[in-house]
Amino acid sequence: MRRIAVAVFALLSTTGCDDLCGNKVLTDVASPDVHNHAVVFERDCGATTGFSTQVSILPAGRAIADGGNVLIVDDDHGRAPTGLGGGPSVAVRWIDARTVELRYDRRVQVFKQDTVRDGIQVRFVQDSQ
């Protein structure tokens, strides 16, 4: 029994916490040329963490596999309002096939904010609600 416990601990420590996280898609918006899409999703990593809202820009037909690749935000301990998924709301608007706008409340806590992903320009707009 002890060997099994040690083996399970070793496996969990090498795989990391991402395996314990779950994603729930909230919005999926195709680019005007439908070659890419912006996926807004809730990421829940268990009872000890709050919900975060994340965004990935992906090629058409590709699903999210892990955390957001362009935006990761949370409600900063209740300072920002939450939306449908439990984390802050993020609105997506494609300006053209190579530019996307992500809009969210200015009170969010930002963990990741990348302005370019695979040739797609990402603009961030903070609302002052």
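These numbers were taken from a predicted model, which means no experiment stands behind them.

(A) Looking closely at the overall build of the chain. Assigned secondary structure in the chain consists of 1 helix and 9 strands. The secondary structure elements of the chain, listed N-terminal to C-terminal, are α-β-β-β-β-β-β-β-β-β. With 129 residues in all, the chain has 35% of them scored as buried. A sequence separation of at least 24 residues applies to 40% of the contacts in the chain between residues at least 6 apart. Within the structure as shown, the chain displays about 7800 Å² of accessible surface, and the carbon and sulfur contribution to it stands at 53%.

(B) A look at the state of the cysteines. This model, assessed by the stated rule, comprises 1 disulfide. Here C21 connects covalently by a disulfide to C45, the sulfurs 1.9 Å from one another. The sign of the 110 degrees torsion about the S-S bond sets the C21-C45 disulfide as right-handed. Residue C21 is located in the loop between helix 1 (2-15) and strand 1 (22-30), and its partner C45 is located in the loop between strand 2 (36-44) and strand 3 (52-59); the two are separated by 24 residues in the primary sequence.

(C) The arrangement of the side chain of R43 in detail. Following the sequence through the fold, R43 ends up in strand 2. Within the structure, R43 has its side chain in polar contact with the side chain of N23 (distance 2.7 Å).

(D) Inspection of the sheet that holds strand 5 (residues 90-96) at higher detail. Spatially, 4 strands are ordered 5-6-9-8 in an open sheet, and the strand pairing comes out mixed. Every interior strand has two partners, whereas the edge strands, strand 5 and strand 8 (116-117), have only one. Bridge count for strand 8 against strand 9 (residues 120-127) is 2 bridges, and the pairing is antiparallel. In the strand pairing of strand 9, V116 is matched with Q121.

(E) Structural detail: the pairing of strand 2. Burial runs high along strand 2: 8 of the 9 residues are buried. Where strand 2 lies against strand 3, 8 bridges are found, and the strand directions are antiparallel. If you follow H37 over to strand 3, its bridge partner there is L58.

What counts and how
- Residue indices follow the written sequence of each chain, beginning from 1 at its first position.
- Under the rules for a predicted model, residues below a pLDDT of 70 receive no local features and side-chain atom pairs below 80 are neither given nor counted, while totals for whole chains, interfaces and linings still include all residues.
- Excluding hydrogens and water, the side-chain figures rest on all heavy atoms present in the structure.
- Secondary structure counts use DSSP, requiring at least four H or I residues in a row for a helix and at least two E residues in a row for a strand, with both numbered from the N terminus.
- Only protein chains enter the calculation, and the probe is 1.4 Å; a residue is then buried if its accessible area is under 20% of its type maximum, exposed if over 50%, and partly exposed in between.
- Any pair of residues with heavy atoms lying within 4.5 Å of one another is described as a contacting pair.
- Areas reported here follow the Shrake-Rupley algorithm with a probe of radius 1.4 Å; residue values treat only the protein chains shown as occluding.
- Criterion for a disulfide: a pair of cysteine sulfur atoms at a distance within 2.5 Å.
- As used in this structure description, the phrase polar contact means that two N or O atoms lie within 3.5 Å; if the pair is within protein, one of them must be able to donate a hydrogen and the other to accept it, and residues adjacent in sequence are counted only when both atoms belong to side chains.
- Here, a strand pair is defined by DSSP locating no fewer than two bridges between the strands.

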